[in-house]
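Structural overview for review
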Amino acid sequence: MTAYLVTACGAVFLSVVVSFIIPQGKLNKTITFVLRMVCIAILISPLAGIFKISDEKFDEMTDYDYICKLYSQNQSRALEECLLEEYSVESECAVTVAYGDEGFYAESVEVCLLGSYDGLADKIYEYLQEADYINITVYESSDRMAE
């Protein structure tokens, strides 16, 4: 409370001092208006604290499992499109996204190549390693064909 009173008094004092120093004319009106707005903003700043939501309440309201599920689906689709563009290969990807202390991260990646591709699984594995994925599984499946 003391810090608020000191800040408010400082802002009012500064506006009074500036009003004595600034020249008369158009600039006077502009500077006076800006200083009044600053003073008003400082005086009503405690009201902004009423509308704050603490991080604890936000964490309680957030469904991280649902977000991880949606994020996993989007990342899986994006990886399928990337592999199609980069290697011209049809695949089914499953990127598992999790939430932890450091935020959202890819927990594991599974890539099923639809069809038989000679040695392409190793290249895709290296590509995913370079992209900093972890727990990577890449395999070919000639039993399943793309729809």
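The preceding data block contains the structure.
Residues numbered from 1 in each chain as written. Predicted model: local features only at pLDDT ≥ 70, side-chain atom pairs only at ≥ 80, totals over all residues. Heavy atoms only, no water.

1. A short note on the environment of asparagine 135
Note that asparagine 135 resides in the loop between helix 6 (120–130) and strand 3 (136–141). For asparagine 135, a relative accessible area of 52% translates into the label exposed. The spacing of asparagine 135 and glutamate 110 is 25 residues in sequence and 8.3 Å in space, taken between C-alpha atoms. Residues in contact with asparagine 135, not counting those within four places in the same chain, are Glu107, Ser108 and Val109. (Helix = DSSP H or I, 4+ residues; strand = E, 2+ residues; numbered from the N terminus. Buried < 20%, exposed > 50% of the residue type's maximum accessible area, 1.4 Å probe, protein only. Contact = heavy atoms within 4.5 Å.)

2. Section: the pairing of strand 1 (residues 91–100)
In terms of strand pairing, strand 1 meets strand 2 (residues 103–114) through ten bridges, oriented antiparallel. Looking across to strand 2, one finds that cysteine 93 is bridged to valine 111. Here strand 1 folds back onto strand 2, and the loop between the two strands holds two residues. (Pairing = 2+ DSSP bridges.)

3. What about the nonpolar core?
Of all hydrophobic cores here, the largest spans 16 residues; its most connected members are Leu79, Val111, Ile124, Leu128 and Val138. For this core, the element with the most residues is helix 6, which contributes four residues. For valine 111, the contacting residues outside a window of four places in its chain are Leu79, Leu83, Ser91, Glu92, Cys93, Leu128, Thr137, Val138 and Tyr139. (Core = buried A, V, L, I, M, F, W, Y, C linked by side-chain atoms within 4.5 Å.)

4. Describing the sheet that holds strand 1
Taken in spatial order, the three strands make up an open sheet running 1-2-3, and their pairing is mixed. Taken across any chain shown, the strands that pair with only one partner, and hence form the sheet edges, are strand 1 and strand 3. Here the strands of the sheet are splayed against their neighbours by 15 degrees on average, with no regard to which way each runs. In the packing of helix 5 (residues 64–87) onto the sheet, contacts are made with strand 1 and strand 2, and the angle to strand 1 comes to roughly 145 degrees. Sitting on the sheet, helix 6 touches strand 2 and strand 3, and the angle it makes with strand 3 is about 155 degrees. (Axes fitted to C-alpha atoms, helices over the stretch in contact; angles between N-to-C directions.)

5. Some details on helix 6
The set of residues buried in helix 6 consists of Leu120, Ala121, Ile124 and Leu128. All buried residues of helix 6 project into a common sector of 100 degrees when viewed along the axis, lining one side. In helix 6, the exposed positions angled more than 90 degrees off the buried face are occupied by Asp122, Lys123 and Glu130. The positive-phi residue at the C-terminal boundary of helix 6 is aspartate 132, with phi of around 65 degrees. (Arc of directions from axis to C-beta.)

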